[in-house]
Amino acid sequence: MKVEKIPVGILGTNCYLAINEETKEIVIIDPGGASKRLEGHIEAEGYKPQAILLTHGHFDHIMGIDALLGKWEMPVYVHEDDADVMNDARLNLSASYTPGYTFSGAECLKDGQELHFAGYDFKAIHTPGHTRGGVCYYVEDEGVLFSGDTLFQNSVGRTDFVGSSMLDLVASIRERLFVLPDETYVCPGHSGETTIGHEKAHNPFV
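In this report, the structure presented in the accompanying data block is examined.

Rules of the game
Residues numbered from 1 in each chain as written. Predicted model: local features only at pLDDT ≥ 70, side-chain atom pairs only at ≥ 80, totals over all residues. Heavy atoms only, no water. 1 Å grid on protein atoms, 1.4 Å probe; cavity = no way out; pocket = protein on both sides within 12 Å on 5 of 7 lines; lining within 4 Å. Points joined across faces, edges and corners; volume = space filled by probe spheres on them. Nonpolar A, V, L, I, M, F, W, Y, C, P; charged D, E, K, R; others polar. Helix = DSSP H or I, 4+ residues; strand = E, 2+ residues; numbered from the N terminus. Buried < 20%, exposed > 50% of the residue type's maximum accessible area, 1.4 Å probe, protein only. Pairing = 2+ DSSP bridges. Contact = heavy atoms within 4.5 Å. Polar contact = N/O pair within 3.5 Å; in protein donor to acceptor, adjacent residues only side chain to side chain. Arc of directions from axis to C-beta. Axes fitted to C-alpha atoms, helices over the stretch in contact; angles between N-to-C directions.

## Here we look at the layout of surface pockets
Turning to step 1, where the next piece is worked out: Its boundaries defined by the atoms lining it, the largest pocket holds a volume of some 160 Å³.
Turning to step 2, where the next piece is worked out: Leu 11, Asp 60, Asp 149, Arg 158 and Phe 161 are, among the 13 residues lining the largest pocket, the residues nearest its centre.
Turning to step 3, where the next piece is worked out: A breakdown of the residues in the lining of the largest pocket according to their chemical character gives six nonpolar, four polar and three charged.

## With respect to unusual backbone geometry
Turning to step 1, where the next piece is worked out: Residues other than glycine seldom take positive phi values, yet Leu 93 does so here, at roughly 75°.
Turning to step 2, where the next piece is worked out: Assignment of secondary structure puts Leu 93 in the loop between helix H3 (83-86) and helix H4 (94-97).
Turning to step 3, where the next piece is worked out: According to the relative accessible area criterion, Leu 93 is buried, its value standing at 15%.
Turning to step 4, where the next piece is worked out: Positioned with a positive phi, Ser 191 is a non-glycine residue whose angle comes to about 70°.
Turning to step 5, where the next piece is worked out: By secondary structure assignment, the location of Ser 191 is in the loop between strand S13 (185-188) and strand S14 (194-195).

## Examining the sheet that holds S13
Turning to step 1, where the next piece is worked out: Spatially, the six strands line up as an open sheet ordered S7-S8-S9-S10-S13-S14, and their pairing is mixed. The strands lining the two open edges of the sheet, one partner per strand, are strand S7 (114-117) and S14.

## Concerning the environment of Glu 193
Turning to step 1, where the next piece is worked out: Mapped onto the secondary structure, Glu 193 falls in the loop between S13 and S14.
Turning to step 2, where the next piece is worked out: Its relative accessible area of 23% is what places Glu 193 among the partly exposed residues.
Turning to step 3, where the next piece is worked out: Each C-alpha atom, one on Glu 193 and one on Ser 147, is 9.9 Å from the other, the two residues being 46 residues apart in sequence.
Turning to step 4, where the next piece is worked out: Filtering out sequence-adjacent residues up to four positions away, Glu 193 remains in contact with Lys 5, Tyr 16, Gln 153, Tyr 185, Val 186, Cys 187 and Pro 188.
Turning to step 5, where the next piece is worked out: Separated by 3.0 Å, the side chains of Glu 193 and Tyr 16 make a polar contact.

## So, empty space enclosed by the protein
Turning to step 1, where the next piece is worked out: On inspection of all chains with the given rule, the structure shows one cavity of 30 Å³ or more.
Turning to step 2, where the next piece is worked out: Its volume calculated, the largest cavity comes out at about 50 Å³.
Turning to step 3, where the next piece is worked out: What lines the largest cavity is His 58, Asp 82, Val 85, Leu 91, Thr 131, Arg 132, Val 162 and Gly 163.
Turning to step 4, where the next piece is worked out: By residue class, the composition of the lining of the largest cavity is three nonpolar, three polar and two charged.

## Section: the environment of Gly 163
Turning to step 1, where the next piece is worked out: You can see Gly 163 is positioned in the loop between strand S12 (155-156) and helix H5 (166-177).
Turning to step 2, where the next piece is worked out: In this structure Gly 163 comes out as partly exposed when scored by relative accessible area, which is 26%.
Turning to step 3, where the next piece is worked out: Note: C-alpha distance between Gly 163 and Thr 131 (32 residues apart in sequence) is 5.6 Å.
Turning to step 4, where the next piece is worked out: What Gly 163 contacts, discounting residues up to four positions off in sequence, is Gly 129, Thr 131 and Arg 132.

## Here's the deal with the pairing of strand S5 (residues 76-79)
Turning to step 1, where the next piece is worked out: Burial of S5 is two-sided: the residues Val 76 and Val 78 facing one way and the residues Tyr 77 and His 79 facing the other way are all buried.
Turning to step 2, where the next piece is worked out: Alignment of S5 against strand S6 (residues 107-109), held across three bridges, turns out to be parallel. Its bridge partner being in S6, Val 78 is matched across the sheet by Cys 108.

## A look at helix H1 (residues 36-45)
Turning to step 1, where the next piece is worked out: Every buried residue of H1 is accounted for by Leu 38, Glu 39 and Ile 42. The buried residues of H1 all sit within an arc of 95° when viewed along its axis, so they share a single face. Exposed side chains of H1 directed beyond 90 degrees from the buried face belong to Lys 36, Arg 37 and Ala 44.
Turning to step 2, where the next piece is worked out: Of the residues flanking the end of H1, it is Gly 46, one or two places downstream, whose phi is positive at about 70°.

## Re the sheet that holds strand S2 (residues 13-19)
Turning to step 1, where the next piece is worked out: With mixed pairing, six strands are arranged side by side in an open sheet as S1-S2-S3-S4-S5-S6. In this open sheet, the two edge strands, each paired with only one partner strand, are strand S1 (2-8) and S6. Taking each pair of neighbouring strands and ignoring which way they run, the sheet shows an average axis angle of 25°.
Turning to step 2, where the next piece is worked out: Where S2 and strand S3 (residues 25-29) come together, four bridges link them in antiparallel fashion. Bridge assignment links Tyr 16 to a residue of S3, and that residue is Ile 29.
Turning to step 3, where the next piece is worked out: The strands touched by H1 are S1, S2, S3 and strand S4 (48-53); relative to S1, the strand with the most contacts, the crossing angle is about 150°.

Printed below as a string of structure tokens:
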């Protein structure tokens, strides 16, 4: 698997492309804003989008969905506990930063559910705390974790929103993520990449 990061949206959210270089099939994680750079890159490389995976329902991770679906037909997935966030501009915070955005066409995931796209298995690990329905996507065979706003490099996601909980977030990281191999490559929703081993040793929040 090749992983490419393209910052999108007004908060510069990390949108990731999980790429099968043999088939050119890709999975898009957290398209947080309509981006000509992102769309142009997909077209220029001849990539074939297979699915959009959302780590949670906040606006800065979802606002590029409609633009992508206008060009490529594919399913969109979010954890079932964030379905209400996706459909409420106040809860997904878009009403505070933009005229408001909602999306109602996502398919709901459960904890532990595996999605097979582009030749890879993406396991949804429910990690509530930043939002009630936050998930990380673990590709075990590739040793890659897309952590959204659950775990950052030397930091964690904010917990001052409706539905957030620092206690839940810390428990999610310790009990659901820190049990993964230390060499697991972590691709967070903001900031730079890291590893599980580094965060176990150096993250001051957990």
